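As a plain string of letters, each chain reads:
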Amino acid sequence: MDVNEPPAYPFRNPSALEPPPEWAELRRSCPVAPIRLASGDRALLLTRYDDVRQVLSDPRFTRQLDAPDAARATAQESGGVFGSLGRSMTGDEHRAWRQLVGRAFTARRVTAMRPRIEAMAGHLVEEMAARGQPADLVSGVGFPLPVWAICDLLGVPDTDRDRFSYWSDTLLSMTRYGAAEIDAAQAEFDAYLVALVEAKRAGPGDDLISELLAMVEGLDGRLTERLMLSTAKGLLVAGHETTANMIGKMASMLLADRSRWEALLADPSLIPPAVEEVLRFDANPGFGMPRYLSEEVEVAGETLPKGTTVVCSLAAANRDERRFEQAGELRLDRAPNAHVTFGVGPHSCLGQALARVELQTVLKVLLERLPSLALAVPHGELERREGLIVGGLERVPVRW
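Structural notes, computed from the coordinates. Keep in mind the model is a prediction, meaning the values are calculated, not measured.

## Some words on the packing of helix 13 (residues 271-281) against helix 15 (residues 352-369)
How two helices pack is summed up by the angle between their axes together with the distance between the axes. Where helix 13 meets helix 15, the axes come as close as 10 Å, and the angle between the chain directions of the two elements is 115°. Of the two possible hands of crossing, helix 13 and helix 15 adopt the one that is right-handed. Along its contact with helix 13, which presents Ile271, Pro272, Val275, Glu276 and Leu279, the element helix 15 presents Arg356, Leu359, Gln360, Leu363, Lys364 and Leu367. Of the residues assigned to the contact of helix 13 with helix 15, the class counts are 7 nonpolar, 1 polar and 3 charged.

Here it is as structure tokens:
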């Protein structure tokens, strides 16, 4: 590989459900690979499972992506999601935040939501079916369900939920929107959240924002209101966008080979491991997890200098043959399945329990309500969503 002209990143997929061939090539021959980002800046890409786990667990690899010498992922200096990441907490401050927010974002709360999520999934599937076929699973079920679930968790009124897709897309933009549009959308989003918090302060409810507000007012300033607002914003975006995209990708992966769908119809107990396997097998996850190196560290036998920006490709790591037997095969009953889709270490995804409940539930409902579900186009014709940090499909046409 010519280090003087590193390849452009993210790599292009041969099709929406196939991984870029560069992943396997780099895992084999160049596990710490120079890449050129959309901004023109250079970074290093990690593609092996052990290296990704090492970096995400090492506090010396920080999320201080606004450092003067950090690589910019996008040409928009205003930042979008990377601007938000650049202002992320580290060390003791982050640990205190995780502990406090974790008290509100509990497995008990998520488990209690399962019946409501199943009812909403059933309602959306019935509405989609009533409109006739072929239908788009992404717009009919994939996006509405996670938006409803995260807004239900946070206490966002039903009437406001349709506004989040655009705000979220601008925050997650790499090349889809310009800086002025991103800034304007985020100013609207911030103003909305400030007004929502004021409404919750005046009339608290049984929701996460109300609990976060109580923490702000009762914990000696350890969770400031500014931080609480950014937490709510992050949960609204991350809590719906990634899962919304994953619903469409999950269905597509399972329907691309009819034997997979038939196996789930025959044995619904395979639903939980099947969800874990499609999370591992996702070939279209988006950008990956960037980290900024606060001091010199050795990775994969190479010494990386202070000031290096690395990008962890979780999806490439999830296909590492050193860790997963038959890593290039989708096996519905794979166990154990220690994929890194939700990250590892102190910054692992807070909402992973909710994501799992949503994915398992929507898959169960689709199998029960539409057992004859099939792709309405060849899977090679599915179109990727372009220009965003998260990967997804524009549409998933289905029939039944």
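## Side note on the layout of surface pockets
There is about 310 Å³ of room inside the second largest pocket. Forming the boundary of the second largest pocket are 22 residues, of which Pro10, Phe11, Met174, Arg384 and Glu386 lie nearest the centre. Broken down by class, the residue content of the lining of the second largest pocket amounts to 12 nonpolar, 6 polar and 4 charged.

## Let's talk about the sheet that holds strand 9 (residues 374-375)
Read from one edge of the open sheet, 3 strands run 4-10-9, paired in antiparallel fashion. A single partner strand is all that each edge strand has here, and the edge strands are strand 4 (135-136) and strand 9. Inspection of the sheet shows strand 4 paired to strand 10 (residues 397-399) by 2 bridges, in the antiparallel sense. Note on strand 10: the bridge partner recorded for Asp136 is Pro397.

## Structural notes on helix 15
For helix 15, spanning 18 residues, the distance from its first C-alpha to its last is 26 Å, which sits close to the expected 26 Å at 1.5 Å a residue. Burial in helix 15 covers these residues: Leu354, Ala355, Val357, Glu358, Leu359, Gln360, Thr361, Val362, Leu363, Val365, Leu366 and Leu367.

## Some remarks on the side chain of Asp320
Secondary-structure assignment places Asp320 in the loop between helix 14 (314-317) and helix 15. Within polar-contact distance, the side chain of Asp320 engages the backbone nitrogen of Tyr49 at 2.9 Å. Once you skip the residues sitting within four places of it in the chain, Asp320 turns out to touch Arg27, Arg48, Tyr49 and Ala327.

## A short note on the packing of aromatic side chains
Taken as a whole, this structure holds 6 aromatic pairs when the rule is applied. With 5.3 Å between their ring centres and 90° between their planes, Tyr9 and Phe11 make a pair best called edge-to-face. Aromatic side chains Tyr166 and Tyr177 sit 5.9 Å apart centroid to centroid with 90° between the ring planes, which places their arrangement in the edge-to-face category. Of the two residues, Tyr166 is situated in helix 8 (residues 164-171) and Tyr177 in the loop between helix 8 and helix 9 (179-202); the sequence distance between them amounts to 11 residues. By the ring-pair criterion, three or more aromatic residues cluster together here, those being Tyr9, Phe11 and Phe287. Geometry around Phe324 places Arg280 over its ring, the cationic atom sitting 5.2 Å from the centre.

## Structural notes on the sheet that holds strand 2 (residues 42-46)
Taken in spatial order, the 5 strands make up an open sheet running 1-2-8-5-3, and their pairing is mixed. Every other strand in the sheet has two partners, leaving strand 1 (32-36) and strand 3 (61-62) as the edge strands with one partner each. Where strand 2 meets strand 8 (residues 309-312), 3 bridges bridge the pair, whose relative direction is parallel. In the strand pairing of strand 8, Leu44 is matched with Val310. Helix-sheet contacts for helix 2 (residues 49-57) involve strand 2, strand 3, strand 5 (289-293) and strand 8, and the interaxial angle to strand 8 is about 125°.

## Considering empty space enclosed by the protein
Applying the stated criterion across every chain, the model contains 1 cavity of 30 Å³ or more. If you trace the largest cavity, you find it lined by Ala16, Leu17, Lys249, Met253, Asp282, Ala283 and Asn284. The residue makeup of the lining of the largest cavity, split by class, is 4 nonpolar, 1 polar and 2 charged.

## Looking at the pairing of strand 1
A large share of strand 1 lies buried, amounting to 4 of its 5 residues. Pairing geometry for strand 1 and strand 2, over 5 bridges, is antiparallel. Opposite Val32, over in strand 2, you have Leu46 as the bridge partner. Counted between consecutive antiparallel strands, the loop separating strand 1 from strand 2 contains 5 residues, among which Gly40 sits at a positive phi close to 100°.

## Quick notes on the packing of helix 5 (residues 107-131) against helix 7 (residues 144-154)
Relative to each other, helix 5 and helix 7 sit at 145°, their axes nearing to 10 Å. Every pair of crossing elements has a handedness; the one defined by helix 5 and helix 7 is right-handed. Residues Arg109, Met113, Arg116, Ile117, Met120, Ala121 and Leu124 of helix 5 touch helix 7, and the partners they reach there are Pro144, Leu145, Trp148, Ala149, Asp152 and Leu153. The residue inventory of the contact of helix 5 with helix 7, partitioned by class, reads 10 nonpolar, no polar and 3 charged.

Quick notes on the rules
Residues numbered from 1 in each chain as written. Predicted model: local features only at pLDDT ≥ 70, side-chain atom pairs only at ≥ 80, totals over all residues. Heavy atoms only, no water. Axes fitted to C-alpha atoms, helices over the stretch in contact; angles between N-to-C directions. Helix = DSSP H or I, 4+ residues; strand = E, 2+ residues; numbered from the N terminus. Left-handed = near helix turned anticlockwise from the far one by under 90°. Contact = heavy atoms within 4.5 Å. Nonpolar A, V, L, I, M, F, W, Y, C, P; charged D, E, K, R; others polar. 1 Å grid on protein atoms, 1.4 Å probe; cavity = no way out; pocket = protein on both sides within 12 Å on 5 of 7 lines; lining within 4 Å. Points joined across faces, edges and corners; volume = space filled by probe spheres on them. Pairing = 2+ DSSP bridges. Expected span 1.5 Å × (residues − 1). Buried < 20%, exposed > 50% of the residue type's maximum accessible area, 1.4 Å probe, protein only. Polar contact = N/O pair within 3.5 Å; in protein donor to acceptor, adjacent residues only side chain to side chain. Phe/Tyr/Trp six-rings, centres within 6.5 Å; stacked < 30°, edge-to-face > 60°. Lys NZ or Arg CZ within 6 Å of the ring centre and 35° of its normal.

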